[in-house]
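# Structural description and commentary
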Amino acid sequence: MEKVEEMLKKHNVKYRICYLLSPKGKKLGEEKKVIKIEEKDDEFIIYVSYF
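Residues numbered from 1 in each chain as written. Predicted model: local features only at pLDDT ≥ 70, side-chain atom pairs only at ≥ 80, totals over all residues. Heavy atoms only, no water.

## Quick look at the packing of aromatic side chains
- Taken as a whole and judged by the stated rule, the model has one aromatic pair.
- The cationic tip of K33 hangs over the ring face of F51; the distance from NZ or CZ to the ring centre is 5.0 Å. (Phe/Tyr/Trp six-rings, centres within 6.5 Å; stacked < 30°, edge-to-face > 60°. Lys NZ or Arg CZ within 6 Å of the ring centre and 35° of its normal.)

## Observations regarding a nonpolar patch on the surface
- On the surface, L20, I35 and F51 cluster together to form a nonpolar patch covering roughly 260 Å² of accessible area.
- Here L20 is to be found in strand β1 (residues 15–20).
- Accessibility expressed as a relative area gives 31% for L20, which makes it partly exposed. (Patch = residues over 30% accessible without salt bridge, like charges linked within 9 Å, V, L, I, M, F, W, Y side chains within 5 Å. Areas by Shrake-Rupley, 256 points an atom, 1.4 Å probe, with all protein chains shown as cover. Salt bridge = Lys/Arg side-chain N within 4 Å of Asp/Glu carboxyl O. Helix = DSSP H or I, 4+ residues; strand = E, 2+ residues; numbered from the N terminus. Buried < 20%, exposed > 50% of the residue type's maximum accessible area, 1.4 Å probe, protein only.)

Listed below in structure tokens is the structure:
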């Protein structure tokens, strides 16, 4: 995830990262995976979940 953020910053891409928890509001693990990328207005929204 850190490398993705570095690349986006380097190319001046506007983005927002939304970290999602399990339905019970808890992290399932420490590994992060991108589950969805959405373009909205002039920025990208990156949804990340813990596995």
